[in-house]
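Notes for the structure review
Here's the letter readout for the chains.
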Amino acid sequence: MATARPRGTNDILPGESERWQIMEDAIHRICGAYGYQEIRTPMFEHTELFERGIGETTDIVEKEMYTFKDRGERSLTLRPEGTAPVVRSFLEHKMYGQALPTKLYYVGPMFRYERPQAGRYRQFYQFGVEAFGSSDPALDVEMITMPIHVYIELGLKDFEVHVNSIGCPKCRPPYRQRLQKYLNDDKDKLCGTCQSRYDRNPMRILDCKVSSCQELTAEAPLIADYLCEECSEHFQAVQNYLQQLDVKVVPNRRLVRGFDYYTKTVFEIKVPGLGAQDAVGGGGRYDGLVEEMGGPSTPGVGFAVGMERVLLALDKEGAKTLTRPGMDGFVAQFGGASKERAVALVHELRRAGLSVDMDYLGRSLKAQMKAADRARVHWVLFLGDDELAAGAARVRWMKTGEEETVALAELAAYLKAQKEARP
Ligand code: HAM
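Residues numbered from 1 in each chain as written. Predicted model: local features only at pLDDT ≥ 70, side-chain atom pairs only at ≥ 80, totals over all residues. Heavy atoms only, no water.

1. Things to note about the overall build of the protein
In plain terms, the rule: In this description a helix means any DSSP run of H or I spanning at least four residues, a strand means any run of E spanning at least two, and both kinds are numbered starting from the N terminus. Between the two quantities, the radius of gyration covers C-alpha atoms and the globule rule is 2.2 Å times the number of residues to the power 0.38. Between buried and exposed lies partly exposed: a residue is buried under 20% and exposed over 50% of the maximum accessible area for its type, with that area taken using a 1.4 Å probe on protein chains only. Throughout, a residue-residue contact means that at least one pair of heavy atoms, one from each residue, lies within 4.5 Å. By the counting scheme adopted, Arg and Lys are positive, Glu and Asp are negative, and His together with the chain ends is not counted. All charge positions are set by atom: Lys at NZ, Arg at CZ, Asp at CG, Glu at CD.
Assigned secondary structure in the protein consists of 15 helices and 16 strands. Against the compact-globule benchmark of 22 Å for 423 residues, the protein has a radius of gyration of 28 Å, which places it well outside the compact range. With respect to the principal axes defined by its C-alpha atoms, the protein has extents near 95 × 55 × 45 Å. Evaluated residue by residue, the protein yields a buried proportion of 50% over its 423 residues. Contacts in the protein between residues far apart in sequence, at least 24 positions, make up 69% of those at least 6 positions apart. Across the protein, the 56 positively charged side chains and the 60 negatively charged ones have centroids separated by 3 Å.

2. Digging into the site of the ligand
The following threshold applies: Proximity is defined per residue: if any heavy atom of the residue lies within 4 Å of a molecule or strand, that residue is considered near it. Any pair of nitrogen or oxygen atoms within 3.5 Å is treated as a polar contact; in protein, a donor-acceptor pairing is required on top of that, and neighbouring residues in sequence qualify only through side-chain atoms on both sides. Only the protein chains shown count as cover for residues, with accessible areas throughout obtained via the Shrake-Rupley method and a probe of 1.4 Å.
In the neighbourhood of the ligand, 26 residues make up the surrounding shell, with Glu 81, Glu 114, Glu 130, Tyr 262 and Ala 279 lying closest. Within the contact set of the ligand, a nitrogen atom lies 3.0 Å away from a side-chain nitrogen or oxygen of Tyr 261. Contacts to the ligand include Ala 279, whose backbone N or O atom sits 2.8 Å from an oxygen atom. Burial of the ligand by the protein chains amounts to 96% of its free accessible area of 650 Å².

3. Some details on the sheet that holds strand S15 (residues 392–397)
What counts, and what does not: In short, DSSP must find at least two bridges between two strands for them to pair. Note on definitions: angles span 0 to 180 degrees between N-to-C directions of axes, and those axes are lines fitted to C-alpha atoms, for helices only across the stretch in contact.
Taken together, the five strands give an open sheet; going across it, the order is S13-S12-S14-S15-S16, and neighbouring strands pair in mixed fashion. Among the strands making up the open sheet, the edge pair consists of strand S13 (356–358) and strand S16 (403–407). Across this sheet, the average inter-strand angle for adjacent strands is 25°, counted without regard to direction. Two elements, strand S12 (residues 329–333) and S13, share three bridges in a ladder whose sense is parallel.

4. Quick look at the sheet that holds strand S4 (residues 75–78)
Taken in spatial order, the three strands of this open sheet run S2-S4-S3, and their pairing is antiparallel. Every other strand in the sheet has two partners, leaving strand S2 (44–46) and strand S3 (67–69) as the edge strands with one partner each. For this sheet, the mean angle separating the axes of adjacent strands, direction not counted, is 35°. When S3 meets S4, the two strands line up antiparallel, connected through three bridges.

5. Thoughts on the pattern of salt bridges
Note the cut-off: For this document, the term salt bridge refers to a Lys or Arg side-chain nitrogen within 4 Å of an Asp or Glu carboxyl oxygen.
One pass over the full model with this rule turns up 31 salt bridges. One salt bridge connects Asp 59 with Arg 204, and the closest N-O pair in it is separated by 3.5 Å. Residue Asp 59 is found in helix H3 (residues 59–64), and its partner Arg 204 is found in the loop between helix H7 (192–200) and helix H8 (211–216); the two are separated by 145 residues along the sequence. Note on accessibility: Asp 59 and Arg 204 belong to one class, buried.

6. Things to note about the packing of helix H1 (residues 16–33) against helix H11 (residues 307–316)
What counts here: Any angle between 65 and 115 degrees counts as roughly perpendicular, while under 35 counts as roughly parallel, over 145 as roughly antiparallel, and the rest as oblique. Handedness of a crossing is defined here by the sense of rotation of the near helix relative to the far one, left-handed for an anticlockwise turn of less than a right angle and right-handed for a clockwise turn.
Contact pair H1 / H11: the axes reach a minimum separation of 11 Å and the direction vectors enclose 110°. The orientation of H1 relative to H11 falls into the category roughly perpendicular. The way H1 lies across H11 gives a crossing that is right-handed. Of the residues in H11, those in contact with Glu 16, Arg 19, Trp 20, Met 23, Glu 24 and Ile 27 of H1 are Met 307, Glu 308, Val 310, Leu 311, Leu 314 and Asp 315.

7. Section: the side chain of Thr 217
Along the polypeptide, Thr 217 turns up in the loop between H8 and helix H9 (229–244). Residue Thr 217 is classed as buried on the basis of its relative accessible area of 0%. Excluding anything up to four places from it in sequence, Thr 217 contacts Leu 183, Ile 205, Leu 206 and Arg 254.

8. Examining the packing of aromatic side chains
Note the threshold: Aromatic pairs are defined between Phe, Tyr and Trp rings, using the six-membered ring for Trp, whenever the two ring centres lie within 6.5 Å; interplanar angles under 30 degrees are classed as stacked, those over 60 as edge-to-face, and all others as tilted.
What the rule picks out here adds up to 13 aromatic pairs. Judged by centre distance (5.1 Å) and plane angle (65°), the ring pair of Trp 20 and Tyr 125 falls under edge-to-face. Linking Trp 20 in helix H1 with Tyr 125 in strand S6 (residues 123–132), this pair joins segments that are 105 residues apart in sequence. You can call Trp 20 buried: its relative accessible area is 6%. The class for Tyr 125 is partly exposed, based on a relative accessible area of 22%. With 4.3 Å between their ring centres and 20° between their planes, Phe 90 and Phe 132 make a pair best called stacked. A residue pair is termed long-range when its members are at least 10 positions apart, and Phe 90 in helix H4 (residues 83–92) and Phe 132 in strand S6 qualify at 42 residues.

9. As for the nonpolar core
What counts, and what does not: Residues enter a nonpolar core if they are buried and are Ala, Val, Leu, Ile, Met, Phe, Trp, Tyr or Cys, with the set joined through side-chain atoms within 4.5 Å.
Ranked by internal contacts, the top residues of the largest apolar core, which has 52 residues, are Val 87, Phe 132, Ile 166, Cys 194 and Leu 206. Here the element with the most residues in this core is H4; it accounts for five residues. Leaving out residues up to four positions away in the same chain, Ile 166 has contacts with Arg 172, Met 203, Ile 223, Leu 227, Leu 255, Val 256, Tyr 262, Thr 263, Lys 264 and Val 266. Among the nonpolar cores identified, the runner-up in size contains 43 residues, and Ala 26, Ile 269, Val 271 and Val 280 belong to it.

10. Considering the state of the cysteines
Short version of the rule: Cysteine sulfurs are considered disulfide-paired once they come within 2.5 Å of each other.
Applying the stated criterion to the full structure yields zero disulfides. Sulfur of Cys 208: no disulfide; nearest cysteine sulfur belongs to Cys 194 and is 3.6 Å away. Taking the relative accessible area as the measure of exposure, Cys 208 reaches 7% and is therefore buried. Not engaged in a disulfide, the cysteine Cys 228 finds its nearest cysteine sulfur in Cys 231; these two sulfurs lie 3.6 Å apart. Among the residues examined, Cys 228 registers a relative accessible area of 16% and is labelled buried.

In structure tokens, the structure reads:
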């Protein structure tokens, strides 16, 4: 007996997979329209890539990675996110030597050992974008408008874009000290995780969901008030562009994201009412990451969208379900010579570019008509004795019930022409 699927994973079944294809089509189309090219990196990488890239004090690296030794005793990790692998590939293939900015996107599964709940899985799909080689705030804005474009295209209406700046290696260290000083006397009252964050990554304390930590940081100094001139100007420019484009955002001065690589702009897109896992996407700038990973100093900016959560958000809004059009047609047959002719005809029509199915279970005509209905076909072809004797087939147009007899030799051309004429 096969066992059930692993906890926190999903089977995307027929019916549901159609929605995924529609979402993926929109992603490919929109990324192309914004000048991005697809990149596909491996599902697993050397563990140290994520330790260095994401940061050793982050939740992901500390407790959420699927890490294993392969038969050659190498430590490998299923990718928990896409940015570090894309940076690795950018360096490995010396893309920095080509025309910049390099604009890349990816769609695929990510793996995090988290406690599964609605909207949070151990294997989940992300669509993400990374752009290298430009520190223009207009590109930060592109990172915000792009996922919004995808949401709108899919029919999502209700979301909030939270934006903040978390500074750079110039303004962050003095701010860190200030925050540590502020929390110093109450250090013992912080939760266990935040106590260890205090020295290593105090800004993450602002993000803690434990209420006592939230109370302790309610009045804490925020990085927004300590940005250096460059970061402050950059953030102002981002906000100006957003205003110019009439993109409504929520300035969220407490937003800090869970990766060490971010600098300057960070953002998160939330769907109110979606539950505890309400972020449908997030991203930001990471101007130091390429250099930290051994490459030439190259600014970067990107985002990723959680695809399951987008579908959940669409369900919550009761948005029109994403469905593909039905098939073109169904060839009904009555056994014997009719069956033989049907096999050849289905083959011919498919090769001609039509989507066509037939019966493979020796079913009655009535049952075949039911199958045709389920496939939401435009037409059904009947290959009865009379029609075959005349070298023809009877076509029934399902919407109107009209019928006509068409010579077999002309069928493919005729049905293709009709497909254009009757969309
Ligand atoms: P992230 O915020 O960790 O960012 O993930 C992006 C999105 O992936 C989240 O907003 C959420 O929708 C979805 N997501 C994350 N974890 C899960 C999970 N366990 N189950 C279901 N969905 C999940 C990143 O991954 C960054 N690499 C984004 C980025 C790209 N920043 C710059 N470039």
